[in-house]
Amino acid sequence: MAEEKEVVIKIENLVKEFGGRRVLDGINLEIYKGESFVIMGGSGCGKSTILRHIIGGLRPDSGKVYLFGEDISTAGDDKMDGFKKRFGMLFQSSALFDSLTVEENISLPLREHTKLDEHIIKIMVKMKLELVGLHGFGHLYPSQLSGGMKKRVGLARAIALDPEIIFYDEPSAGLDPVVTAVIDKLIVDLSEKLSITSVIVTHDMNSVFRIADRIAMLHKGKVLEIGTKEEIQNSKNEYVKQFITGSPDGPIGFFKPDENYLQELTK
Amino acid sequence: MNIFETIGRSTLRTGAAIWDVMALFFKTLYWLFFAPFKGKFIGRRYIFEQMVFAGLQSVLIVFFVTFFIGIVLAMQGAYQLDKLGAVRFVASLISVSITREIGPVLIALVVAGRVGAAIAAELGTMKVTEQIEALDTMALNPIRFLVVPRFLALLLMLPALTVIGDVVGMFGGFVVGVFNLKISPNLYISTNFQFLVMKDVMTGLFKSFVFAMIIAMIACYHGLNTSGGAEGVGRSTTLSVVSSFILIILADAILTGIFYFSSV
Ligand SMILES: Nc1ncnc2c1ncn2[C@@H]1O[C@H](COP(=O)(O)OP(=O)(O)O)[C@@H](O)[C@H]1O
Ligand SMILES: [Mg+2]
């Protein structure tokens, strides 16, 4: 492709340690406007931690994160609030507010950040609910919904302010294959219809190939490979191949080398 | 680990916690007093909800506790004053000790157990289910939306509950005085107010203001710093109640000392 791509998120040499354990070890990423970018990798490899750095919830130990072309570590609270209104996030556990109804959950950002009339807010909430196929569920409380419905309400809330970027943290975690496919289709629809940039964190390979334009494979705090969907599918990297096929044998080992094990046993 | 290391570590940890609570307190004051000038107001609806929960729904238990404490104080007071031949003054004893001391402290403890625990559990649950993070990513500051309404509600409702409790406690004493000690109602009431001065009431209310801040800050601090799932929520709730009990008693001792020595 010859056309110049606009970078909306850029991560440079991001390093993060928790209690001396290095979780992110020099991450470099560029995410372009309008694309669907998937970060995949095993559980606990630091995928959510990367997202938390982009949305400003965590500060890097070293390295830089640029959002909309600006270094977020030097952005003040007011500037960061401005960014936050320009992206939405779907949390792994949906993170709906228990004490509010579905409708109130979705209208909260509208009510607090816009000066819209109450009846316009009502209409907008209905439109968002329609978009995720939950028309008529506005009066229910989160505890009355199934996991898949919660995810969809979470998505409706994430798009309440018509964001430019949506972050998805494991959108298919804990859902059955059909609901997963529904959510994946929603993600694709949103990015195509509204030309939203999507950043999706997942370890579900079916989802990855349904959603992704480009993919980054994460392992032990490092980016192993970045490429288009096709490039990743045809990757020569043994780690990537093992992850895609979901094989128990390969370089991504769960077993300790024999000598260490023996030493530990006899210690 | 030797004993010095243990002591050193827990001192450091306590110091860090005190620092964090103070930071939370100043941020709360910022959102309460300064942010409104920047056009960032606190939703009246959230404050109202919290006032109903912290205040209105605590009235019954406050009635119950203070009424019986009034009765107990009257019986205990009569037993001791009888030896001095001064049973008549049981009313003054009760009214002054309830308004200055027992009312504010006891009601603060009840509210710490009921409201403080609920706040810690609610915010703790919100923390472990990513709801706090969700608020933050929607550019809705958790302190502004969660802490300030609870803080303000307690600050207004605890003194109000204390006034109610004081009156009910005195009524408990009145019941014993009139029906058991056979003091005439008129005499009892006049003795009740004979030594009670405005300063006693103000002292008690000032204490309950301070206790309200302690309860709100400690509960919100423990709630917002919860980690470790459902077990963590339980731990935060317990810690919140235990530490606010200790701090309420400690603050009471300090305040009583200040009031006592500044009046001699
Ligand atoms: N706030 C934190 N404090 C300590 N350790 C953390 C924290 N957040 C994440 N971790 C650790 O960092 C690692 C990566 O976590 P995470 O990014 O959530 O992984 P995942 O790829 O499954 O989303 C995990 O081992 C986790 O235990
Ligand atoms: Mg995760």
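Refer to the structure above for everything that follows.
Residues numbered from 1 in each chain as written. Chains lettered and ligands numbered in written order. Predicted model: local features only at pLDDT ≥ 70, side-chain atom pairs only at ≥ 80, totals over all residues. Heavy atoms only, no water.

(A) How the structure looks around the interface of chain B and chain A. Tallying the contact residues gives 18 residues for chain B and 22 residues for chain A. Each partner contributes to the roughly 1700 Å² buried at the junction of chain B and chain A, and carbon and sulfur atoms together form 52% of this total. Across the salt bridge formed by A:R52 and B:E130, the nearest N and O atoms sit 3.6 Å from each other. Remark: the boundary between chain B and chain A carries seven residue pairs in polar contact (both at pLDDT 80 or more). Listing elements by their share of the side of chain B that touches chain A, those giving two or more residues are helix 2 (44-54), helix 5 (131-137) and helix 6 (142-179) of chain B. (Contact = heavy atoms within 4.5 Å. Buried area = accessible area lost by both parts, 1.4 Å probe. Salt bridge = Lys/Arg side-chain N within 4 Å of Asp/Glu carboxyl O. Polar contact = N/O pair within 3.5 Å; in protein donor to acceptor, adjacent residues only side chain to side chain. Helix = DSSP H or I, 4+ residues; strand = E, 2+ residues; numbered from the N terminus.)

(B) Looking closely at the nonpolar core. Core analysis: the biggest nonpolar cluster contains 86 residues, and A:I9, A:L67, A:I165, A:F167 and B:L154 have the highest contact counts within it. Grouped together as the second largest cluster of nonpolar side chains are 42 residues, A:I159, A:A160, A:I166 and A:I196 included. (Core = buried A, V, L, I, M, F, W, Y, C linked by side-chain atoms within 4.5 Å. Buried < 20%, exposed > 50% of the residue type's maximum accessible area, 1.4 Å probe, protein only.)

(C) The sheet that holds strand 7 (residues 165-169) of chain A, seen in detail. All names here are of chain A. Ordered by their spatial adjacency, six strands build an open sheet running 6-7-8-3-9-10, and the pairing between neighbours is mixed. Looking at the sheet topology across the chains shown, the edges are occupied by strand 6 (87-90) and strand 10 (222-228). The mean inter-strand angle of the sheet, taken between neighbouring strand axes irrespective of direction, is 15°. Sheet analysis places strand 6 next to strand 7, joined by four bridges and oriented parallel. If you follow F87 over to strand 7, its bridge partner there is I165. (Pairing = 2+ DSSP bridges. Axes fitted to C-alpha atoms, helices over the stretch in contact; angles between N-to-C directions.)

(D) Quick look at the sheet that holds strand 1 (residues 7-18) of chain A. Residue and element names in this part refer to chain A. The strand order across the open sheet formed by four strands is 2-1-4-5, and the pairing between neighbours is antiparallel. Looking at the sheet topology across the chains shown, the edges are occupied by strand 2 (21-32) and strand 5 (70-71). In this structure, strand 1 lies alongside strand 2, joined through nine bridges in antiparallel fashion. Across the sheet, residue I9 finds its bridge partner in strand 2, namely I31. Those strands touched by helix 1 (residues 47-54) are strand 1, strand 2 and strand 4 (62-67), and its axis lies near 120° from that of strand 1.

(E) Examining the packing of helix 3 (residues 59-84) of chain B against helix 4 (residues 90-128) of chain B more closely. All names here are of chain B. Running from N to C, helix 3 and helix 4 cross one another at 145°; their axes reach a closest spacing of 10 Å. Considering how the two elements wind past one another, helix 3 and helix 4 form a crossing that is right-handed. Seen from helix 3, the contacting residues are I61, V62, V65, T66, I69, G70, L73, A74, G77, A78 and L81; seen from helix 4, they are V90, L93, I94, S97, I98, I102, L106, I107, V110 and R114. (Left-handed = near helix turned anticlockwise from the far one by under 90°.)

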